[in-house]
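# Coordinate analysis (summary)
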Amino acid sequence: MAHKRYVNVFYHRFYFALRPVVQLSSEVIVGAQCGSAVLRGAHVFAPGILATPKFMKTGDAVSVFSDLEGKCTRGNKDFKGKRVFVGNGVAEMDRSNIFCSDEPVKGVGIRMVEPLYQSPSFDGVLPSLAFLQNLPSVVVGHVLGPRPGERILDMCAAPGGKTCHIAALMGGQGEVVALDKIRGKVERIRQNAKALHLDCIKAHCFNSIEAVCTDQAQDTEGPPFPPQSFDRVLLDAPCSGLGQRPSMACTWNLKEICSYQPLQRKLFHTAVRLLKRGGVLVYSTCTVTLAENEEQVAWALNTFPCLTLQPQEPHIGAEGMLGAGLSPEQLRLLQRFSPELGWSAAEARGEDDTNKDTIGFFIAKFLKS
Ligand SMILES: C[S@@+](CC[C@H](N)C(=O)[O-])C[C@H]1O[C@@H](n2cnc3c(N)ncnc32)[C@H](O)[C@@H]1O
């Protein structure tokens, strides 16, 4: 059935106007992920709460802090470890509801009334029409350039932000196959596709490294697929995520960061095999390392002579970074979002920094001949 609705994919700009907020004596401690979400405009959902004052009651005014080192134990009453203030709120639950309930606790625990940053919450705003994404993620969908009627593969798709954008750009006509290896996350893709009425998305739980079959007669409804099954492939690769912001806790180590390059290359092999001749492959990451970005492009061009770099539209990020042996022309075809560089340079030149104040991100577009 033809898709009748439109999805408006907004992008989210982290608003940096720090407000002078006075800290209160009652402290609520939340996990680092929850604290980052609060900085992006979220309220505090009860599962994210680690510690509250001993007698906290609904309606109490509290200050919310993020546990920086992951050291606060659940149910703590007076945590004194490293923490960062993220704003003031009002309790919507008693302490006993949060920590002493038999059922898993749900819903807003603290409604933020004075968050540190003036980033509005988009929770529940037009849920059947809009999907909030970072600006570079929105750019990825356009760079891939899907057309109605095509068959597209999104190899690492959960929670499905880019999948839904791609399906919306196709007007719901064609097929977007979304793979992710984690079952619970695949359910999120399905829920998002359903909420947005995007029937052309088919989500499967599958390890994309193994998504090519050798048997040409294999049923092509689900993975694995015969070689050259797709008009366009998006490899939004698992990565070290160093471009994500705000980020208040660094849980990574060097071994983990170095583990992504070989994984991305395995996925890349599958991507190239599944792409038709004349098809487009987009490789993207939300990290800033040379090893996971420009070095991967140089490796791909050497490993797959059938691939050539293509111009990107729109191109609003910076060009690629030196150091991986790519030519100046090749670097110009890449798109790198480096907020730590973009901002200050734009500010110094007195330019509008709207499109530069983003997460760190990388995009490369290839054509397979
Ligand atoms: C960067 S996230 C994808 C974000 C997604 N494209 C979006 O826009 O919403 C990377 C995803 O790759 C998945 N992943 C990691 N290794 C995978 C593999 N071998 N096969 C399929 N999915 C994988 C992870 O579970 C994770 O959800």
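As the structure is a prediction and not an experimental result, all values here were calculated from the model.

Rules used in this analysis
- Residues numbered from 1 in each chain as written.
- Predicted model: local features only at pLDDT ≥ 70, side-chain atom pairs only at ≥ 80, totals over all residues.
- Heavy atoms only, no water.
- Patch = residues over 30% accessible without salt bridge, like charges linked within 9 Å, V, L, I, M, F, W, Y side chains within 5 Å.
- Areas by Shrake-Rupley, 256 points an atom, 1.4 Å probe, with all protein chains shown as cover.
- Salt bridge = Lys/Arg side-chain N within 4 Å of Asp/Glu carboxyl O.
- Helix = DSSP H or I, 4+ residues; strand = E, 2+ residues; numbered from the N terminus.
- Pairing = 2+ DSSP bridges.
- Near = heavy atom within 4 Å.
- Nonpolar A, V, L, I, M, F, W, Y, C, P; charged D, E, K, R; others polar.
- Disulfide = S-S within 2.5 Å.
- Buried < 20%, exposed > 50% of the residue type's maximum accessible area, 1.4 Å probe, protein only.
- Axes fitted to C-alpha atoms, helices over the stretch in contact; angles between N-to-C directions.
- Parallel < 35°, antiparallel > 145°, perpendicular 65-115°, else oblique.
- Left-handed = near helix turned anticlockwise from the far one by under 90°.
- Contact = heavy atoms within 4.5 Å.

## Side note on a nonpolar patch on the surface
On the surface, Phe122, Val125, Leu126 and Leu132 cluster together to form a nonpolar patch covering roughly 310 Å² of accessible area. Within the secondary structure, Leu132 sits in the loop between strand E6 (108–115) and helix H3 (135–144).

## Brief notes about the sheet that holds strand E2 (residues 44–45)
Pairing is mixed across the open sheet formed by 6 strands, whose spatial order is E2-E6-E5-E4-E1-E3. Two strands lie at the open edges of the sheet, namely E2 and strand E3 (49–51), each paired on one side alone. Where E2 meets E6, 2 bridges bridge the pair, whose relative direction is antiparallel. Across the sheet, residue Val44 finds its bridge partner in E6, namely Ile110.

## Some words on the site of the ligand
The immediate surroundings of the ligand are formed by 19 residues, with Lys162, Asp180, Asn207, Ser208 and Asp236 found nearest. Burial of the ligand by the surrounding chains reaches 88%, relative to a free accessible area of 610 Å². When grouped by side-chain class, the residues that make up the shell around the ligand number 10 nonpolar, 4 polar and 5 charged.

## Regarding the state of the cysteines
Scanning all chains against the criterion turns up 0 disulfides. With no disulfide partner, Cys156 has as its closest neighbouring cysteine sulfur the one in Cys239, 10 Å distant. Here Cys164 stays unpaired: no disulfide links it, and the sulfur of Cys200, its closest cysteine neighbor, is 9.2 Å away. Note on Cys164: relative accessible area 1%, which makes it buried.

## Overview of the packing of helix H6 (residues 254–274) against helix H7 (residues 294–303)
The contact between H6 and H7 brings their axes to 11 Å, and the two run at 40 degrees. Here H6 lies oblique to H7, going by the angle between them. The interaxial crossing formed by H6 with H7 has right-handed handedness. Of the residues in H7, those in contact with Gln261, Gln264, Arg265, Phe268 and His269 of H6 are Glu295, Gln296, Trp299, Ala300 and Thr303. A breakdown of the residues in the contact of H6 with H7 according to their chemical character gives 3 nonpolar, 5 polar and 2 charged.

## Quick notes on unusual backbone geometry
With omega at 0 degrees, the peptide bond leading from Pro223 into Pro224 counts as cis. Within the fold, Pro224 resides in the loop between strand E9 (201–205) and strand E10 (230–236). In the segment running from Glu313 into Pro314, the intervening peptide bond is cis, with an omega of 5 degrees. Secondary-structure assignment places Pro314 in the loop between strand E12 (307–309) and helix H8 (328–333). Non-glycine residue His197 carries a positive phi angle of around 60 degrees. With respect to the helices and strands, His197 occurs in the loop between helix H5 (183–195) and E9. Backbone geometry places Gln228, a non-glycine residue, at a positive phi of 60 degrees. Judged by its relative accessible area of 34%, Gln228 is partly exposed.

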